[in-house]
Amino acid sequence: MNTRFPEGFLWGGATAANQLEGAYLTDGKGPSVSDAMPGGKARMQIASQPDFDWDILENRYVYPNHIGIDHYTRFKEDIALFAEMGFKVYRFSIAWSRIFPTGTETQPNEQGLKFYDELIDTCLSYGIEPLITISHYEMPLNLAKMGGWQNRDCIAHFERYAKTVLTRYKDKVKYWLTFNEINVGVFFPLLSLGISNKHGGFEKKVALKGLHNQFVASALATKIAHELNPDIKVGCMIIYMTSYAVDANPINQIALHEFNQIFNYYCADVQVRGEYPSFTNKFFKKYGITWDDLGVEHDDFAILKAHPVDFISFSYYMSSVVDETSPESEKAEGNMISGVKNEFLESSDWGWQIDPQGLRLALNQLYERYQVPLIIVENGLGAYDKVEDGKIHDTYRIDYLKKHIIAMHEALEDGVDLFGYTPWGCIDLVSASTGEMSKRYGFVYVDLDDEGNGTMDRLRKDSFEWYKNVIKTNGESL
Ligand code: BG6
């Protein structure tokens, strides 16, 4: 089997500011929603309580995002390691709260921008193409206290922030993503929309209103980007959850179809096609929502139509199963949302079901629907690693990635236009769902535990050398 990828394929890795930078109040940065998320497996449970109001309660919880992996001071060492692996592209995010600490300032924080000047220049000095997520789960906390994205003022605040960074880096950075995993907001508006349950997060109409505001903000950022430099490419970013109906019962097949509509396609339809999908009214009716509830303004639809994205990026870790007829079936754990257990698949240490063929399906389903270029900007295995004599033998991670890369190659042969791959957490970082350091994805190990103890030394895992060779041979040697 020849698994060589097309010339110019963008191999790399992905991270997010809030999960690795640390320095959460340094050089003028303000706190973000992720900085208010406690560490540990109960993180989402705590943050989903009805009275959770984004307060940082130092005496009650630990907050791993406050220190991250100290990338803020060690970024040069980290990027040198990425360069050693031969990265062609590095996906990272800019922390909105580093540039506009409360989100409402009229002038950006110059010290924050200086950090990204250096980060970007370091990437470019190695010939690594930066791919920037403008907002990855870290809106300024102050904006979340104002209701998060259900507050329409966020559009103007985001537009000012996006314009600032796009203007500054327009000639250095070609690839931009607006909102990380935007479709998470449909079911789980906490991190992506900055809406806690206290602020109405459990109400579908609040979440869909927040999403409408993000769609408009994303279109305005796309407009700015294209006006600043027509060569810039802007992408949307979704979680793609390949799903199967549990059986051939038409009730389950319809449930699967509706899950795909509302979760996998609702946001991408708006962002790629520039208009709400035909099934929107059906869902609004189901949830008792009217267009007025969304606070839509006169020009919104024209803005969406005029400024669609250029490509689709997505995360893919696992697949899920839809079972409408037996709601009591055993559930599987999942990335932000989950379905029932699939007996044909194995699970990760965190119960996420491993399904490389699901990635092939994801690529085919997205490409057939939208016919725009695709890039996988997150994929990988969160696992416990053990250090033995300074070595980490992570064969399980190599096995996971290898199978997913083979599936990507099969999708290319199916005719899909896939232009890059940036596995998640190329260096170990704080988990988004649990705040644990012990849930590791990296090629590079970071000596830090869940309580914040460790030297923070970086170590190359076995997967480091393996991935280096994958990139060197352009996918031929797996
Ligand atoms: C995605 C997010 O949902 O999955 C990342 O974009 C996150 O921020 C990644 O880290 C893996 O999830 P987790 O919960 O294992 O960190």
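Conventions we followed
Residues numbered from 1 in each chain as written. Predicted model: local features only at pLDDT ≥ 70, side-chain atom pairs only at ≥ 80, totals over all residues. Heavy atoms only, no water. UniProt positions renumbered as here; feature names shortened; annotations may be inferred. Axes fitted to C-alpha atoms, helices over the stretch in contact; angles between N-to-C directions. Helix = DSSP H or I, 4+ residues; strand = E, 2+ residues; numbered from the N terminus. Parallel < 35°, antiparallel > 145°, perpendicular 65-115°, else oblique. Left-handed = near helix turned anticlockwise from the far one by under 90°. Contact = heavy atoms within 4.5 Å. Nonpolar A, V, L, I, M, F, W, Y, C, P; charged D, E, K, R; others polar. Salt bridge = Lys/Arg side-chain N within 4 Å of Asp/Glu carboxyl O. Buried < 20%, exposed > 50% of the residue type's maximum accessible area, 1.4 Å probe, protein only. Near = heavy atom within 4 Å. Polar contact = N/O pair within 3.5 Å; in protein donor to acceptor, adjacent residues only side chain to side chain. Areas by Shrake-Rupley, 256 points an atom, 1.4 Å probe, with all protein chains shown as cover. Core = buried A, V, L, I, M, F, W, Y, C linked by side-chain atoms within 4.5 Å.

Where an unreviewed UniProt entry is consulted, the protein chain appears under the name 6-phospho-beta-glucosidase, with the organism given as Erysipelothrix larvae. Recorded under Sequence similarities (unreviewed entry), the UniProt text for the protein chain is reproduced unchanged: "Belongs to the glycosyl hydrolase 1 family."

Caption draft 1: Up close: the packing of helix 5 (residues 110–125) against helix 7 (residues 153–169). Here helix 5 crosses helix 7 at 40°, and the two axes come no closer than 11 Å. It follows from the interaxial angle that helix 5 and helix 7 lie oblique. The handedness of the crossing between helix 5 and helix 7 is right-handed. Facing Glu110, Leu113, Lys114, Tyr116, Asp117 and Ile120 of helix 5, the residues of helix 7 in contact are Thr164, Val165, Arg168 and Tyr169. Residue composition of the contact of helix 5 with helix 7, by class: five nonpolar, one polar and four charged.

Caption draft 2: Spotlight on the pattern of salt bridges. Across all of its chains, the model carries 30 salt bridges by this definition. For the salt bridge of Asp70 with Arg74, the shortest nitrogen-to-oxygen distance reads 3.3 Å. With relative accessibility at 23%, the residue Arg74 sits in the partly exposed group. A cluster of three or more residues bridged by salt bridges with shared partners is formed by Asp385, Asp394, Arg397, Asp428, Arg440 and Lys461.

Caption draft 3: Highlighting the site of the ligand. Within the structure, the ligand sits among 16 residues, and Glu181, Glu378, Ala432, Ser433 and Tyr441 are positioned closest to it. At 2.9 Å from an oxygen atom of the ligand is found a side-chain nitrogen or oxygen belonging to His136. When the ligand is considered free in solution it has 370 Å² of accessible area, and contact with the protein chains removes 100% of it.

Caption draft 4: Looking closely at the UniProt feature "active site" (unreviewed entry) in the protein chain. UniProt tags Glu378 as "active site" (unreviewed entry). Glu378 has contacts with Arg91, His136, Asn180, Glu181, Met237, Phe314, Ser315, Tyr316, Tyr317, Thr422 and Trp424, leaving out every residue within four places of it along the chain. For Glu378, the side chain forms a polar contact with the side chain of Arg91, separated by 2.9 Å.

Caption draft 5: How the structure looks around the nonpolar core. Among the nonpolar cores identified, the biggest contains 151 residues, and Tyr266 and Met408 are the most heavily contacted of them. Element by element, the count of residues in this core is highest for helix 10 (residues 204–228), at twelve residues. The contacts of Met408, once residues within four sequence positions are left out, are Phe5, Phe9, Trp11, Leu359, Leu363, Ile376, Leu418 and Tyr421. Residues Met237, Phe311, Ile375 and Phe419 belong to the second largest nonpolar core, which totals ten residues.

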